[in-house]
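If you want the building blocks of each chain, they are given just below.
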Amino acid sequence: MDRHALHQPSSSSSIPATANTVWTDASPLLEVACKDLRDGELIHVDNFNLYAAMSALEIMDPKMDSGIVNRYCSVDEAIEDGVAPVPISTDKTTDVQCVIDIMDHLLTCEATWHKGHSLAQTVFSCAYLLRPERTSSHALLHSYCKVIRATCKAVITVVSDARTHEEEDLFTMAYGLPLSGDGDEKCLSLLNAVEENISRQLRACKAPSSKRKPLEDIEPLQTNFDLEEGYCKALLCRLRFRKHFFHVLTCMRRPQGRGLELARKHIASCISELGVILKSAEFLMSNAHGTCEDATEDRTTASGHQAIGFDASLNSRISAPTPPRSIKILSWKKAIEYFEKLLHDLDIICSYPLDPSLEVLLRFVAQFQKAQPDLVARAHLQLLLVQDGKLYGKCPMFSLIIRAARLPEVFLHHDIQKNEYVVQLGQLVINMLKILCTNAAWQRRKLGKILQDWRVIYVQIELAFRKDFGEGSSISNGDNASARILKHILIWVEEQTYWISHRFLILGFELELYSPSEYCMVYWYLYVVLIRLAEKTHLKMTVSDGSGKYTSTSCMFCFQGQWPELRSKNVCVV
Amino acid sequence: MEQVQEKQRTEEFDASEIEYVSYGGEHHLPLIMNLVDQELSEPYSIFTYRYFVYLWPQLSFMAFHKGKCVGTVVCKMGDHRDSKFRGYIAMLVVIKPYRGRGIATELVTRSIQVMMESGCEEVTLEAEVTNEGALALYGRLGFIRAKRLFRYYLNGVDAFRLKLLFPQPEMADRDYTQNHDDHSPREEYSELHRHL
């Protein structure tokens, strides 16, 4: 331990005493204790061991102590120091330019947050967001901040409702942050008002001077007439993007997928506005106030200027009690790419026709995951698939199982759905669907674990079947309906178990878990699993149709589904 | 935890000049700390080092060249869930001029040897997915990639959980034929035995 760190002079404490606490300098006491200790000795209470000590943070070590690396003790101190002026400039043109920079930088912070960094060090590194009441005199900044806060809150709600507890633990941490600003729900009406105003300003500057009536004397956006059109357009696309994006989130949250079609329209608008935002860069860079600081690909604003009002260390004291993480804010271009991908992935989800067939659904999810969608998209998918314990909030698990087991629809209301094992099976299906929406690394581990549960439920149902119906394995029409249902379900449970095994094995390739020397082994397992899977599918079809007509097609169908992946690895399975 | 192993320009020395020493006490601690602090990005407090070297001094080794500490490995072992007795390699460092000459492999091997003799059933560690050197080193020793851990490190990089399974007594009776079709990971365990 660096003992010199303790030889700090006891400066007059900048921490004022309160009703319950008085601060005193403990350095002299610690010095005496240190002199007395020999190398390797540790002062500790009885139940504190070396293992616990590993989680200890060394105070005043910048690598560990998040609280040490800040210029300001609090946000208010920073604001007093002029970090976030309102308005940003008395010159309206400069003010507009700076607001656009803030909007751009917020977009990059938002994308960085989505990618897995803390909200406190990204979006809420913006001092304007941290003190909502301060911006009320600046309509443009105020409405934009409101919609950002409301959007973040909506996204956090989606991710925490999905509750898969994978990488989103850091994502949803928002204590101490003003996520629910006063009146943020009305953010859209404020935004619309501002948008309307700027639209009028745009129309006004484009109208030939002869047509401009004195009564329609609208105050222009900023002072330089030649730049009015460019700045109005630059602002409008950014405001519209936020409006449509917020709509996407609200539409997608509507229960039972009722808002998906409308969401697609807003997604299309978002993508279109992003295109306009990208094009605005040329105008903004060439008219940036002062010299252009950064024209490189790393810049976080379209203009290349550093945005005013941001300081990642502002929230260091309310950050998690872990060592400071290095945050590299995404570049502006990369942020736009991120949102384009996110919107594209959300669009795929919105265009899914909510098929009641589990087989179709599983294929859709597997295909969707190939594009490696990020957390926000995956959380949306999961919430669409599983709502109130039902598929898409409408189909009970039992009906899903009946259809998947290829039983006739007449059994959809059979009492056996109340059987404890059938209910449990429904829970396993829900759990499996949720797992299939998680990231590949997490997904594979969880799929490996649930194989055990699927085997156990098979055994339990089989035992119940034997107990109630004896050893007879023949099924004929007019026989006991419960027996027939259970028999079908048993076949389907095995088929599904093999499907999970197959996915477990295939994910290993995507995650690069297998070395080439292991491929033969993996392909051997895949071969065995696929043969069994095909057998079960075949059996399921013949038992339900009572004829051998579909045999060869079903086998081919199974293999064709999985074969491309095997062939793409250039290995021939025996 | 972390491993560092990249091929770079090497210092001229003969392998016999490297002296391998088991952790001997407090005087070795600053040597280990300096090496690791220099090379690895995750911040470790002194307590982290003390936890490992105090409780399992027999598992940590250092490599010296002409009196200078050029490499170290820090490990632990203990009961894991499923009551498996498991070894764990926490840190492995060799300074740049000495890499690519088998020092890290030797350090790791010595530690694994002690683990095996102490009754461990398996050894694990984490390594960044981008750390090709470490992945190659452990791959050669027979470690498999058991899991991938999403964004495991503070800088957001994924990690592999690497695992080496020691052959268990009940396997000793199995017939290891030299059949080409019977290509299984068990062949690599035998290699490790021969190497040790």
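The structure presented is a predicted model; accordingly, all values stated were derived computationally and were not measured.

Rules used in this analysis
Residues numbered from 1 in each chain as written. Chains lettered and ligands numbered in written order. Predicted model: local features only at pLDDT ≥ 70, side-chain atom pairs only at ≥ 80, totals over all residues. Heavy atoms only, no water. Helix = DSSP H or I, 4+ residues; strand = E, 2+ residues; numbered from the N terminus. Buried < 20%, exposed > 50% of the residue type's maximum accessible area, 1.4 Å probe, protein only. Contact = heavy atoms within 4.5 Å. Areas by Shrake-Rupley, 256 points an atom, 1.4 Å probe, with all protein chains shown as cover. Buried area = accessible area lost by both parts, 1.4 Å probe. Salt bridge = Lys/Arg side-chain N within 4 Å of Asp/Glu carboxyl O. Polar contact = N/O pair within 3.5 Å; in protein donor to acceptor, adjacent residues only side chain to side chain. pLDDT = per-residue confidence, 0-100. UniProt positions renumbered as here; feature names shortened; annotations may be inferred.

Peer 1: Outline the overall build of chain A, listing residues and values.
Peer 2: A count of helical and extended segments in chain A gives 19 helices and three strands. Counting every position in chain A, which comprises 574 residues, the buried fraction comes to 48%. Look at the contacts in chain A between residues 6 or more apart in sequence, and 75% of them connect residues 24 or more apart. A total accessible area of about 28700 Å² is found for chain A, and carbon and sulfur atoms account for 54% of it.

Peer 1: Hey, could you go over the interface of chain A and chain B for me, with residue numbers and the actual values?
Peer 2: On the side of chain B, 29 residues touch chain A, which itself brings 30 residues to the contact. Summed over the three residues of chain A that lose the most area to chain B, namely Leu50(A), Met54(A) and Leu513(A), the buried surface amounts to 21% of that side. Applying the counting rule to chain A against chain B returns one salt bridge. For Glu512(A), the salt bridge is made with Arg148(B), and the minimal N-O distance between the two is 3.1 Å. Put simply, chain A and chain B have five residue pairs in polar contact (both at pLDDT 80 or more) between them.

Peer 1: How would you sum up the confidence of the model for chain A? Please name residues and give values.
Peer 2: Residues and elements named next belong to chain A. Put simply, chain A has an average pLDDT of 85, and 86% of its residues get 70 or more. The weakest mean pLDDT in chain A belongs to helix 19 (residues 551-568) at 45; the strongest belongs to helix 11 (residues 332-350) at 97. Scored below 50 in pLDDT, residues 563-574 makes 14 contacts in the model with residues more than four places away or belonging to other chains.

Peer 1: I'd like a description of the UniProt feature "domain: N-acetyltransferase" (unreviewed entry) in chain B, backed by residues and values.
Peer 2: According to UniProt, the "domain: N-acetyltransferase" (unreviewed entry) feature falls on residues 16-167 of chain B. In residues 16-167 of chain B, the share of helix is 30% and the share of strand is 34%. The end C-alpha atoms are 31 Å apart.

Peer 1: Any chance you could break down the pattern of salt bridges for me, citing the residues and the numbers?
Peer 2: All names here are of chain A. In the structure shown here, the tally under the stated rule is 33 salt bridges over all chains. Among the salt bridges present, the one from Glu-297 reaches Lys-333, with a minimum N-O distance of 3.8 Å. Here Lys-333 lies in helix 11 and Glu-297 lies in the loop between helix 10 (260-286) and helix 11, a separation of 36 residues in the sequence. Residues Asp-345 and Lys-341 are paired through a salt bridge, measuring 2.8 Å at the closest nitrogen-oxygen approach. Taken as a pair, Asp-345 and Lys-341 lie in helix 11 at a separation of four residues, close to a single helical turn. Here the salt bridges share partners, and the residues they tie into one network are Glu-195, Arg-240 and Lys-243.

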